[in-house]
Amino acid sequence: MASKKDDKSAGQKMEEKLLLKQEIVATASPGLLDEAMAYGEEYKAFLCNKTEREITDYCIPLVKKLGYKEFKYGTKYKAGDKIFFNNRGKNLILAIMGKQPLSEGVRISVAHADSPRLDFKPNPLFESTDMAYFKTHYYGGIKKYQWMTIPLSLHGVVTLKNGKSVTVRIGEDDSDPLFCISDLLPHLAMDQVSKPMNKAVDAEQMNILIGSWPIDDEKVKEKIKLNMMRILNEKYGIEEKDFLSAELCACPAYKPRDLGLDRSMVAAYGQDDKVCCFAQYKALLDTKAPEFTAVMVFADKEETGSDGPTGMRSVFWKDFLEDLAEPYGVSIRHVLRKSICLSCDVNAAVDPSWPEAFEPRNCSFLGRGPVVSKYTGARGKYSTNDASAEVMGYLRSILDDAEVPWQVGELGRVDVGGGGTIAVEISVHNLDTIDMGVPVLSMHAPMEVTSKVDDYLLYKAMKAFFACAKPKTI
Ligand code: MN
Ligand code: MN
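Parameters at a glance
- Numbering of residues begins from 1 in every chain and follows the order in which that chain's sequence is written.
- Working convention: letters from A go to chains and numbers from 1 go to ligands, in the order in which they are written.
- Whole-chain, interface and lining totals are the exception, using all residues; otherwise, since this is a predicted model, local features are given only for residues with pLDDT of at least 70 and side-chain atom pairs are given and counted only at 80 or more.
- Each side-chain value is worked out from all heavy atoms of the structure, with water and hydrogens disregarded.
- A donor here means an N, O or S atom no more than 2.8 Å from the metal, or no more than 3.2 Å when the metal is Na, K or Ca. Since water is not included, a site may seem to lack partners.
- Only protein chains enter the accessibility calculation, which uses a 1.4 Å probe. A residue is then buried if its area is under 20% of the maximum for its type, exposed if over 50%, and partly exposed in between.
- Think of a patch as exposed residues, more than 30% relative accessible area, with no salt bridge, where like charges cluster within 9 Å and nonpolar side chains (Val, Leu, Ile, Met, Phe, Trp, Tyr) cluster within 5 Å.
- In these tables, accessible area is a Shrake-Rupley quantity obtained with a 1.4 Å probe, and a residue counts as shielded only by the protein chains included in the view.
- For this document, the term salt bridge refers to a Lys or Arg side-chain nitrogen within 4 Å of an Asp or Glu carboxyl oxygen.
- Definitions used for this entry: grid spacing 1 Å over protein atoms alone; cavity, a set of points where a 1.4 Å probe fits but cannot get out; pocket, an open set with protein on both sides within 12 Å along at least 5 of 7 lines; lining residue, one with an atom within 4 Å of a point.
- Grid points are joined across faces, edges and corners, and a volume is the space filled by probe spheres set on the points.
- Numbered from the N terminus, helices here are DSSP runs of H or I no shorter than four residues, and strands are runs of E no shorter than two.
- Three classes are used, and their members are as follows: Ala, Val, Leu, Ile, Met, Phe, Trp, Tyr, Cys and Pro are nonpolar, Asp, Glu, Lys and Arg are charged, and the others, Gly among them, are polar.
- Strand pairing follows a simple DSSP-based rule, namely that at least 2 bridges must link the two strands.
- Any two residues having at least one pair of non-hydrogen atoms within 4.5 Å are treated as being in contact.
- Only the contacting stretch of a helix is used when fitting its axis, a line to C-alpha atoms as for every element, and angles between N-to-C directions run 0 to 180 degrees.
- The scheme is simple: roughly parallel for angles under 35 degrees, roughly antiparallel for over 145, roughly perpendicular for 65 to 115, oblique for anything else.
- Pairing of aromatic rings covers Phe, Tyr and the six-membered ring of Trp, with a centre-to-centre limit of 6.5 Å; geometry is then stacked below 30 degrees between planes, edge-to-face above 60, and tilted otherwise.
- Definition used: whenever NZ (Lys) or CZ (Arg) falls within 6 Å of the ring centre and also within 35 degrees of the ring normal, the charge is taken to sit over that ring.

1. Some words on the coordination of the manganese ion (ligand 1)
Octahedral six-donor coordination of a metal ideally yields angles of 90 or 180 degrees, compared with 109.5 degrees for tetrahedral four-donor coordination. Protein-derived coordination of the manganese ion (ligand 1) comes from His112 (NE2), Asp272 (OD), Asp345 (OD) and Asp345 (OD), at a distance range of 2.1 to 2.5 Å. In primary-sequence terms, the residues that donate to the manganese ion (ligand 1) follow H-x159-D-x72-D. Exposure remark for Asp272: the relative accessible area of 2% places this residue in the buried category.

Structure representation (structure tokens):
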């Protein structure tokens, strides 16, 4: 091989040294897919949790078993201590105390556990045409037509008059019934199919069919509606009024599955952004004795603008860090100034069926590893955290040192649309932040596609980030 290398012309040598080589991961590491398979199995199990509440409920017992203790305000934690913090059952924060004091900053990553879905309206139940339905109000950015006639499952929490909450989950178990929204048959849809796509389905038509059998009592007016309430009451003890104090939603009932003859991809609902949630979660669990305190956050409400006490515009995560630092007499602003944050979220993978939406030199490709997005936003870089050269350089050195292949990605061609991430909510606190995730096909659709190799490499990237002992000199 050496003699072959010597045969290279001066121009070829220069090319090797000076030009960026976009290497396909599969070419450089043919065995990587096999390596990523076991990770894919764990990831699919994680994806069976479809809402932020279900993710939090799933992780807490697991981390407790691994020695994570619930955060206690006022405790002076020591290096290696493992802590969890549960904010309202929707945000989970995990932390491992580093060898360095908190005054040297933390290595923090944030990913959102909420995904687009169909929330129930506060007064959802109605009967019409001898059928019973739930009315919905869509959550996040969806193409409504994609949610018609797909299998749906019901998830959430109902708080009863006595203050107790019951958890609802129907349609995920194979023995459960399913739900769906009906659509007009093509034969009678001449008018519908000639409408622009965003008008073809009205949000008020997104009613979930839940039953068609009445109770046997001639004296009752809405017999089917009453029968539905009877079933729900028997199973969960709820009355119609209890919907007023509920958070219920419908999610696609699809099970996470392998995609492709080669099983190289994952097809599942909610991979935006549970793919990043799982990568940072597993990476943190696999982190031992980090130099800097390692912190992982599951965010909520990202898909609707990060508002409310569980969204990243809330102070919950900053308060946690402030409380963590307080016993050492370190102020939060000094912790944040020295810290670095990975805002972990997905990006759009180039789709050959819609090449006009992408700029291939700067958009991300499925199977080329995690995607680092210097900026997101729209138009003239509005609403973006634009990571500095120095911050990009810091992350680049971590990934390159750990030999994790990665790519950069812009969200589509300039001016075709755009979108943001929680990086803006984080960096406003003078915390250096950078976006990293994986490319996704059909983002926000009921079934999204990622590459197993990208998913696995994101985990490796996160692990390298938490383990990095290199001080931030920015
Ligand atoms: Mn996202
Ligand atoms: Mn999203």
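The discussion continues.
2. Concerning a nonpolar patch on the surface
Taken together, the side chains of Met14, Leu18 and Leu19 make up a nonpolar region of the molecular surface, amounting to roughly 340 Å² of accessible area. For Met14, a relative accessible area of 52% corresponds to the exposed category.

3. Section: the layout of surface pockets
There is about 1,200 Å³ of room inside the largest pocket. Broken down by secondary-structure element, the contributors of at least two residues to the lining of the largest pocket are strand 15 (347-348), strand 19 (418-419) and helix 13 (423-427). Looking at side-chain class alone, the lining of the largest pocket contains 17 nonpolar, 17 polar and eight charged residues. Considering only enclosed or pocket space, the second largest pocket measures out at about 900 Å³ in volume. At the level of secondary structure, the elements contributing two or more residues to the lining of the second largest pocket comprise helix 2 (10-18), helix 3 (25-28), helix 12 (389-401), strand 18 (407-408) and helix 14 (452-467).

4. Here's the deal with the pattern of salt bridges
Counted by the stated rule, this structure contains 30 salt bridges. As a salt-bridge pair, Arg396 and Asp400 come within 3.7 Å of each other at their nearest N and O atoms. Taken together, the residues span about one helical turn, with Arg396 and Asp400 both in helix 12 at a distance of four residues. The partly exposed category is assigned to Asp400, whose relative accessible area is 38%. Each of Glu41, Lys44, Asp258, Arg263 and Lys452 takes part in one network of salt bridges that share partners.

5. Quick notes on unusual backbone geometry
Negative phi is the rule for most residues except glycine; trans is the rule for most peptide bonds. Note that the residue after Asp272, namely Asp273, is joined by a cis bond; omega there is 15°. The topology assignment puts Asp273 in helix 9 (residues 271-285). In this structure, Arg88 takes a positive phi of about 60° despite not being glycine. By the secondary structure assignment, Arg88 is in the loop between strand 2 (82-87) and strand 3 (91-96).

6. Let's talk about the sheet that holds strand 3
An order of 1-2-3-13-4-14-20-16-18 is seen for the nine strands of this open sheet, with the pairing classed as mixed. The open sheet has two free edges, formed respectively by strand 1 (69-70) and strand 18, since each of these has just one partner strand. Of the strand pairs in this sheet, strand 3 and strand 13 (residues 293-299) are connected by four bridges, and their pairing is antiparallel. Across the sheet, residue Ala95 finds its bridge partner in strand 13, namely Val295. With respect to the sheet, helix 9 is in contact with strand 3, strand 4 (106-112), strand 13, strand 14 (340-344) and strand 20 (432-437), its orientation differing from that of strand 4 by roughly 150°. Packed onto the sheet, helix 14 meets strand 4, strand 13, strand 14 and strand 20 and runs at close to 150° relative to strand 4.

7. Description of the packing of helix 5 (residues 52-65) against helix 9
At a closest axis distance of 13 Å, the pairing of helix 5 and helix 9 adopts a crossing angle of 10°. By the criterion of interaxial angle, the relationship of helix 5 to helix 9 is roughly parallel. Across from Ile55, Cys59, Leu62 and Val63 in helix 5, the residues of helix 9 making contact are Lys274, Tyr281 and Leu285. Residue composition of the contact of helix 5 with helix 9, grouped by class: six nonpolar, no polar and one charged.

8. A short note on the sheet that holds strand 10 (residues 246-252)
Strand order in the open sheet formed by six strands is 8-7-10-5-6-9, with antiparallel pairing between adjacent strands. With partners counted over all chains shown, the strands left at the sheet margins are strand 8 (165-170) and strand 9 (207-211), one partner each. Taking each pair of neighbouring strands and ignoring which way they run, the sheet shows an average axis angle of 30°. With four bridges connecting them, strand 6 (residues 131-139) and strand 9 associate as antiparallel partners. Its bridge partner being in strand 9, Phe134 is matched across the sheet by Ile208. Packed onto the sheet, helix 8 (residues 223-236) meets strand 5 (117-128), strand 6, strand 8 and strand 9 and runs at close to 130° relative to strand 5.

9. Considering the pairing of strand 6
Of the strand pairs in this sheet, strand 5 and strand 6 are connected by eight bridges, and their pairing is antiparallel. Residue pairing in the sheet places Phe126 in a bridge with Tyr133 of strand 6. Counting the residues between successive antiparallel strands, the hairpin from strand 5 to strand 6 contains two residues, one of them, Thr129, with a positive phi of roughly 50°.

10. Section: the coordination of the manganese ion (ligand 2)
Only Asp272 (OD), Glu303 (OE), Glu303 (OE) and His444 (NE2) from the protein reach the manganese ion (ligand 2) as donors, at distances of 2.1 to 2.7 Å. Summarised as a motif, the one-chain spacing of the donors to the manganese ion (ligand 2) is D-x30-E-x140-H. Between the manganese ion (ligand 2) and the manganese ion (ligand 1), a spacing of 3.3 Å is present, and a bridge between the two is formed by Asp272. With Glu303 in the loop between strand 13 and helix 10 (316-325) and His444 in the loop between strand 21 (439-440) and strand 22 (448-451), this residue pair connects regions lying 141 residues apart in the sequence.

11. With respect to the environment of Thr376
Residue placement: Thr376 occurs in the loop between strand 16 (371-373) and strand 17 (377-378). Overall, the relative accessible area of 14% leaves Thr376 in the buried class. For the pair formed by Thr376 and Gly420, sequence separation is 44 residues and the distance between their alpha carbons is 5.3 Å. Those residues in contact with Thr376 that sit more than four places away from it in its chain are Ser383, Thr384, Gly419, Gly420, Thr421 and Asp435.

12. Describing the packing of aromatic side chains
Across all of its chains, the model carries 20 aromatic pairs by this definition. Measuring from ring centre to ring centre gives 4.5 Å for Phe120 and Phe134, while their planes differ by 40°; the resulting arrangement is tilted. Residue Phe120 is located in strand 5, and its partner Phe134 is located in strand 6; the two are separated by 14 residues in the primary sequence. Across this residue pair, the class does not change: Phe120 and Phe134 are buried. In textbook terms, an aromatic cluster arises when at least three aromatic residues are bridged by ring pairs, as seen for Tyr39, Tyr43, Phe46, Tyr58, Phe278, Tyr281, Phe298, Tyr456 and Tyr459. The positively charged end of Lys282 is found above the aromatic ring belonging to Tyr459, 5.5 Å away from the centroid.

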